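Close look at the chain arrangement
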Amino acid sequence: MQNSCKNVYITTPIYYVNDVAHIGHAYTTIIADMLARYSRLIGHNTYLLTGTDEHGQKIAQSAEARNKTPKEYADEISGKFRSLWDEFDITYDKFIRTTDEEHKIGVQKAFLKMYENGDIYKGEYEGFYCVPCETFYPESQLIDEQFCPECGRATIVVKEESYFFKLSSYEDKLLKWYEENPDCILPRAKKNEIVNFVRNGLKDLSISRTSFDWGVKLPKEMNEPKHVMYVWLDALLNYTTALGYGTDEKNMNFWPANIHLVGKDILRFHAIYWPAFLMSLNLPLPKHIAAHGWWTRDGEKMSKSKGNVVNPKEVADAYGLDAFRYFLLREVPFGQDGDFSQKALIDRINSDLGNDLGNLLNRIIGMSGKYFDYNVSSKDVEKFHKKEIEEVNSIVDSLENYIYNMQINRYLEEIWKILTIANKAINDYEPWNLIKDGKNDQAMALVALITNIMAKVALLLDSVMPHKIKDIANCLGVEISTENYNKLILNKEFLNDVKITKVDALFPRVEDILLAQPQTSDVTKTEDGDSKVELEKLDIEDNLITIDKFFETTIKVGTIIEAQEVPKSGKLLLLKVDLGENRPRQILAGIKEFYSAVDLIGTQACVVANLKPAKLMGYVSEGMLLAAKDENGLSLIRPEKPKKIGTKIS
Ligand code: MSP
């Protein structure tokens, strides 16, 4: 059996340049690289794409905060992503940037085509936008009428002229595509979520913005200089513009993508918007969109403020790139969330990599050297080891399926079963006794069996740990090539006679934790399994709360419509504050020394709106004003610019 050569196109998401790479980015990229290497080895003409997503309000804001132009800032961070992937030896065929000229031209052509197809119309957008997620949300999806359902941050109200994509008219076509292509979205459980979402109805999608300009301009034929494209339309199209869509289309023969790898948080964009855009462009749809889960660290969500973000370079430098790759691919079933802990990584290194794999290679070196001067001949393997060979072959035959179903951890588990067969054979046949009994041909057959198994395993693991596998290949004198893959894996042939070369231990034991633990917090588990953050090491605050706790307090903008002094009180003013409710609130504030009543009328203030009412000097107070007081006096905290009465503060 031979794998016929075909074009295979694999993509990672393009990464936002508002932050440097962390373990989540490395994870997607390493899976994609593994699949690409595997695909090349089995003989396919493979194209791996990665890159950076550089437009949008979020990036413009990040640049501004650093006093840089968006382009300067994007150049810097995009460069960092690219160097990291180079250091990680990611075998990308193209690194696309959405600021590339060809990309912008391609995106404009696509926009025009969708417009000409009748899928784009002009309207007015009024709604809620989450800048960090670069996503519009209908009011019905907001939490507490204001907060982003994805990240929990406050959305902003946007009202502007906008072009819309007729997403609603693609509902049925999308549902049909999902139905006719059972594996178009992997894993299946995630697909069901998407199908249900679409069944609940799709709204047209706002695809242009006028309130900022860091984006791809609409095509000049539209004559709309104020509009830039919605960043997700711009970003998704990278998968086709990278192949030359709209410019030099020479690589478009790789389209459609075989697999778009994405995190679960961005599946909706890929599984709903993207196929709809493609249908509108009359382009074929991707074969698979595969969504992986989310990484946490020691059971905690990673965040910069907690200081517990896993830096992939640090991990790879400390523990080795291949061990890190193996850990990421083996530790969690694809699609499920995974937890990074150094202990789990060390266990994998010492047990799977050191004991099962590395030691087996040592045993080959030891046995072949001691008994046969490093010369191994496969001539009697079949005669003495039919059973083991059959067991190994049957596992090998099942492997490709795991890759096609994105069950990479299962793929690795099965390969480890092959290693177990090899280690067990040594213990069962006891080559040292065979030699003692003068059964040299049997001892040679055993060493050859193990050597052949190791050669197969090397071919199967090359995509996962390409550098260590080079050492194994050198040791066995076997080239990692498509030809050898066909010979040893597909055709189940045996190695010709080989000469073993000694190599250093592949995975020396790791005894210590090699990375500093998160600086700001230590994470422990409480008895009921919840994670809690211990506070001793924090020097900023010792009463940290979670964001949920913060949101228990409702703070609203109000306008002071009446103010008077409270008789007999040196401190209190009696205020009426309009919070946009059915009646103004009565609030007592201890600010008489600092503000005169009349000056306050008509000004805005921030009010804690869900305090239990309290009685002061005989008056009920139904809220509290926010203020800051130092040795120079007291100031009320007010919005910088007037805000609608009742606006919540977050
Ligand atoms: N720019 C968009 C993608 C556009 S693709 C046309 C984007 N960028 S991102 O940089 O925010 O995220 C890129 C990928 O990293 C996503 O697939 C996301 O799921 C993944 N991860 C970000 N944090 C993660 C974890 N903690 N764990 C695993 N992956 C996570 O979204």
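Residues numbered from 1 in each chain as written. Predicted model: local features only at pLDDT ≥ 70, side-chain atom pairs only at ≥ 80, totals over all residues. Heavy atoms only, no water.

1. Some thoughts on the site of the ligand
- The local shell around the ligand holds 23 residues, among which I14, D53, G263, D265 and W295 are the closest.
- The separation between an oxygen atom of the ligand and a polar side-chain atom of H25 is 3.3 Å.
- The separation between an oxygen atom of the ligand and a polar main-chain atom of G263 is 2.8 Å.
- Out of a free accessible area of 670 Å², the ligand has 93% covered by protein chains.
- Among the secondary structure elements, those contributing two or more residues to the shell around the ligand are β1 (7-16), α1 (23-41), α7 (231-236), α8 (238-241) and β11 (259-263).
- A per-element tally of the shell around the ligand places β1 first, with 4 residues.
- Class assignment of the residues belonging to the shell around the ligand gives a composition of 13 nonpolar, 8 polar and 2 charged. (Near = heavy atom within 4 Å. Polar contact = N/O pair within 3.5 Å; in protein donor to acceptor, adjacent residues only side chain to side chain. Areas by Shrake-Rupley, 256 points an atom, 1.4 Å probe, with all protein chains shown as cover. Helix = DSSP H or I, 4+ residues; strand = E, 2+ residues; numbered from the N terminus. Nonpolar A, V, L, I, M, F, W, Y, C, P; charged D, E, K, R; others polar.)

2. Quick word on the sheet that holds strand β13 (residues 295-297)
- Taking strand neighbours across the sheet as the criterion, the 3 strands line up as β14-β13-β15 in an open arrangement whose pairing is mixed. Each of the sheet's edge strands pairs with one partner strand only, and the pair in question is β14 (300-301) and β15 (338-340).
- For β13 and β14, the ladder comprises 2 bridges, and the chain directions are antiparallel. Within the sheet, the bridge partner assigned to R297 lies in β14 and is E300.
- Sheet contacts for helix α11 (residues 321-331): β13 and β15; angle to β15, the most-contacted strand, approximately 150°. (Pairing = 2+ DSSP bridges. Contact = heavy atoms within 4.5 Å. Axes fitted to C-alpha atoms, helices over the stretch in contact; angles between N-to-C directions.)

3. A word on the domain arrangement of the protein chain
- Per the domain assignment, the segments making up the protein chain are domain 1 (341-384 + 406-499) and domain 2 (545-649).
- Once you take the C-alpha centre of each, domain 1 and domain 2 turn out to be 75 Å apart. (Domains from an automatic or database assignment.)

4. Brief notes about the side chain of S78
- With respect to the helices, strands and loops of the structure, S78 is situated in helix α3 (residues 70-87).
- A relative accessible area of 2% means that S78 is categorised as buried.
- Only 3.4 Å separates the side chain of S78 from the side chain of R97, close enough to count as a polar contact.
- Setting aside residues up to four positions removed in sequence, S78 forms contacts with V17, T52, E54, F95 and R97. (Buried < 20%, exposed > 50% of the residue type's maximum accessible area, 1.4 Å probe, protein only.)

5. A look at the packing of α1 against α11
- Their axes nearest at 10 Å, the elements α1 and α11 cross at an angle of 95°. Here α1 is positioned roughly perpendicular relative to α11, judged by the angle of their axes. Counting all contacts with α1, which are made through I23, A26, Y27, I30, I31, D33, M34 and R37, the residues of α11 involved are F324, R325, L328 and L329.
- Across the contact of α1 with α11, the residue classes tally to 9 nonpolar, no polar and 3 charged. (Parallel < 35°, antiparallel > 145°, perpendicular 65-115°, else oblique.)

6. Re the nonpolar core
- Ranked by size, the top nonpolar core spans 187 residues in total, and within it W85 and L357 carry the most contacts.
- Per-element accounting of this core gives the leading share, 15 residues, to helix α17 (residues 440-461).
- Discounting chain neighbours no more than four positions away, the residues touching W85 are Y15, A21, H25, A26, T29, T50, I90, Y92 and F95.
- In this structure, A563, I587, Y595 and L600 belong to the second largest nonpolar core, which totals 18 residues. (Core = buried A, V, L, I, M, F, W, Y, C linked by side-chain atoms within 4.5 Å.)

7. As for the side chain of Q586
- With respect to the helices, strands and loops of the structure, Q586 is situated in strand β22 (residues 585-589).
- Within the local environment of Q586, its side chain forms a polar contact with the backbone oxygen of V620, the two atoms lying 2.9 Å apart.
- If we ignore the near neighbours within four places in the chain, the residues touching Q586 are L574, L575, K576, Y619, V620, S621, E622 and G623.

8. Description of the pairing of strand β27 (residues 627-630)
- Alignment of β27 against strand β28 (residues 633-636), held across 4 bridges, turns out to be antiparallel. Each residue of the ladder has a partner; that of D630, found in β28, is G633.
- Where β27 folds back on β28, the antiparallel hairpin that results is connected by 2 residues.

9. A short note on the state of the cysteines
- Within the structure shown, the criterion is met by 0 disulfides.
- Sulfur of C130: no disulfide; nearest cysteine sulfur belongs to C148 and is 3.7 Å away.
- Take C130: its relative accessible area is 0%, and that puts it in the buried class.
- On the basis of relative accessible area, C148 is assigned to the buried category, the value being 0%. (Disulfide = S-S within 2.5 Å.)

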